[in-house]
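Coordinate analysis (summary)
What follows is each chain in one-letter form.
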Amino acid sequence: MKFDLTIALADRPGELIRALEPIAKNGGNIISIIHEREKPSDAFVPVSLVVDFPSKWNLRKTIEDLKRLGVAIIRSEEIIDTTRVTAILIGSVDIKRLAEAGIRNVKIVGFEVSAPTSKDACLKLELEIPTEHVEEALDDIRRIAKAENALLLSPI
Amino acid sequence: MKVILVGFGFIGRGLVKTFHEKLDKIRILDREFKLVGVSDSRGYLYDEDGLDLEKLADVKRLSEYPNEYREGGSAEELIEKGNADLMVETTPTNIKNGEPGLTFMRKALSEGIHVVTSNKGPLVVAFRDLTMLAEKNGCHLLYEGTVAGAVPIFSLVRECLQGDKIRRISGILNGTTNYILSRMYFEGTSFELALKEAQERGITERDSSYDVDGIDAACKVVILANALMNRNVKFEDVERTGIRRITQEAVSLAKKSNFAIKLVGTIDRRIEVAPKLVPINHPLCVHGTLNAVYIETDLAKELTLVGYGAGKETVSAVLNDVLTVMKRTQVENHKSWKRSRA
């Protein structure tokens, strides 16, 4: 699981090394690190890290250890890898009903309707879906389409 | 090698012509090659010394061949008396019960005759039975022409991907629907008009639902799944959606997002034939009557084969299967000759 972890380090030599140790100790694999020296405030420098931890528990332990070292945590949140998916529905599907159906994990980020009053209306959806849930989200949409007697065109 | 041909339709006649045109090449492989019998639905021709390929290539009906045409004689009779090494079976596809091809293939294999076929029906209905029967009787059963016509998918996997595990196959497996969808994509025509054009060009089946409702593509998916992915799939297991509901509006919306709508057969978690959005720069995005097969394996990763899936090009696949059987039997004969000397 990837996390965005932003910490505030005292602007002194050796602080960064000291802060990285709990991350390594708790099984974190650092994917990127940005030492934002151009943005110091009150003698602290923000450091943004993307870290891959085996679980949220490992992140919590790391934060506890960092706090014990006196490192302030500015932000810690999971980075969800999402995939953009285009889908087309043919048939009288109401986008409001579709949105209300609450398809798990799916965010509708764009849509376009063609021939909306026809029984073969076309609805193009631009969706944002967590990458690991794409298949199940499309299965959910397929079920809704079937119930509405609409045809779902999904990407290969 | 003595060969009999069962079925004298479009593919059967094309094969006879090709045998005639490429006889020198075939005889380099096997000096004894001869076509000793040919049957159609009404009777058969038989000559144990080999039929005259030049004369046979000139006739449209077997009864026009200048020799005794045994009217009323059956293909089964020909299989029994032909003393053939190989039967090429090109009767029309029947996906309900595989007949009459299924009976002919069972009979030939039971009698130890190798079989090459371009007929999907028997393989859709009884793939496992036929492959087991072939194995039990020491026969080769090859069927390259059944899926994507001239595209050598089974030969490629058999010869060149022997150590690979196939994870997923997707493909455009029906040229007619690809033609219709291509016309809708490029010319902006309606489905109904594009279907009419396809019918006028003579590229649809007599019953167009066979193409447009995805029946033909589903048959091919069954054969691919069973032959290449060791599944035990029946026709009813394929989730099937045709292209009748594809509107010009849907094609345009897809096009605006750089997709083309294609009828795609897929074998992975789901086994299905359905219209899909194919990115226009994806290797599967071929147009007109072309077929394309996209294979994903553990070692070679992705491979794409593109070619013509029906018509006279299919003869290429059938001829290659015939030559493959010839080569294999020569190797087997050589081995048994060495054993007999030892």
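Residues numbered from 1 in each chain as written. Chains lettered and ligands numbered in written order. Predicted model: local features only at pLDDT ≥ 70, side-chain atom pairs only at ≥ 80, totals over all residues.

Remarks on the pairing of strand β5 (residues 82-90) of chain A
All names here are of chain A. Both β5 and strand β7 (residues 122-130) contribute to a ladder of nine bridges, which runs antiparallel. Bridge pairing in β7 places I88 opposite K124. When β5 meets strand β8 (residues 151-153), the two strands line up antiparallel, connected through three bridges. By the bridge assignment for β8, I88 is matched with L153. (Pairing = 2+ DSSP bridges. Helix = DSSP H or I, 4+ residues; strand = E, 2+ residues; numbered from the N terminus.)

Remarks on the nonpolar core
If you look at the biggest cluster of nonpolar residues, it comprises 129 residues, and the most contacted ones within it are I88(A), L86(B), M87(B), V221(B) and A250(B). At ten residues, helix α11 (residues 215-228) of chain B tops the list of elements feeding residues into this core. Non-local contacts of A250(B), meaning those with residues more than four positions away in its chain, are made with I88(A), I90(A), C122(A), L153(A) and I261(B). (Core = buried A, V, L, I, M, F, W, Y, C linked by C-beta atoms within 7 Å. Buried ≥ 20, exposed ≤ 12 C-beta atoms within 10 Å, placed from the backbone. Contact = placed C-beta atoms within 7 Å.)

Details of the interface of chain B and chain A
Chain B puts 18 residues into the contact, and the matching count from chain A is 14 residues. Here the residues of the side of chain B that touches chain A are counted per class, giving ten nonpolar, five polar and three charged. (Nonpolar A, V, L, I, M, F, W, Y, C, P; charged D, E, K, R; others polar.)

Considerations on the domain arrangement of chain B
Residue and element names in this part refer to chain B. Looking at chain B, the domain boundaries give domain 1 (2-150 + 313-341) and domain 2 (158-308). Relative placement of domain 1 and domain 2: their C-alpha centres are 29 Å apart. Across the contact, twelve residues belong to domain 1 and 15 residues belong to domain 2. Split into classes, the residues belonging to the side of domain 1 that touches domain 2 amount to seven nonpolar, two polar and three charged. (Domains from an automatic or database assignment.)

With respect to the domain arrangement of chain A
Under the domain assignment, chain A is made up of domain 1 (2-78) and domain 2 (82-153). Here the C-alpha centre of domain 2 of chain A lies 40 Å away from the C-alpha centre of domain 1 of chain A.

A short note on the environment of E36(A)
Residues and elements named next belong to chain A. Tracing the sequence through the fold places E36 in the loop between β2 (29-35) and β3 (44-52). In this structure the C-alpha to C-alpha distance between E36 and V47, which are eleven residues apart in sequence, comes to 5.7 Å. Other than its neighbours up to four places away in sequence, E36 contacts V45, P46, V47 and S48.

Some words on the sheet that holds strand β4 (residues 70-71) of chain B
Residue and element names in this part refer to chain B. With mixed pairing, seven strands are arranged side by side in an open sheet as β4-β3-β2-β1-β5-β6-β7. Pairing within the sheet leaves two strands with one partner each, and these edge strands are β4 and β7 (141-142). Where strand β6 (residues 114-117) and β7 come together, two bridges link them in parallel fashion. Bridge assignment links V115 to a residue of β7, and that residue is L141. Strand contacts of helix α13 (residues 314-341): β5 (86-89), β6 and β7, with the helix running at about 165 degrees to β6, the strand carrying the most contacts. (Axes fitted to C-alpha atoms, helices over the stretch in contact; angles between N-to-C directions.)

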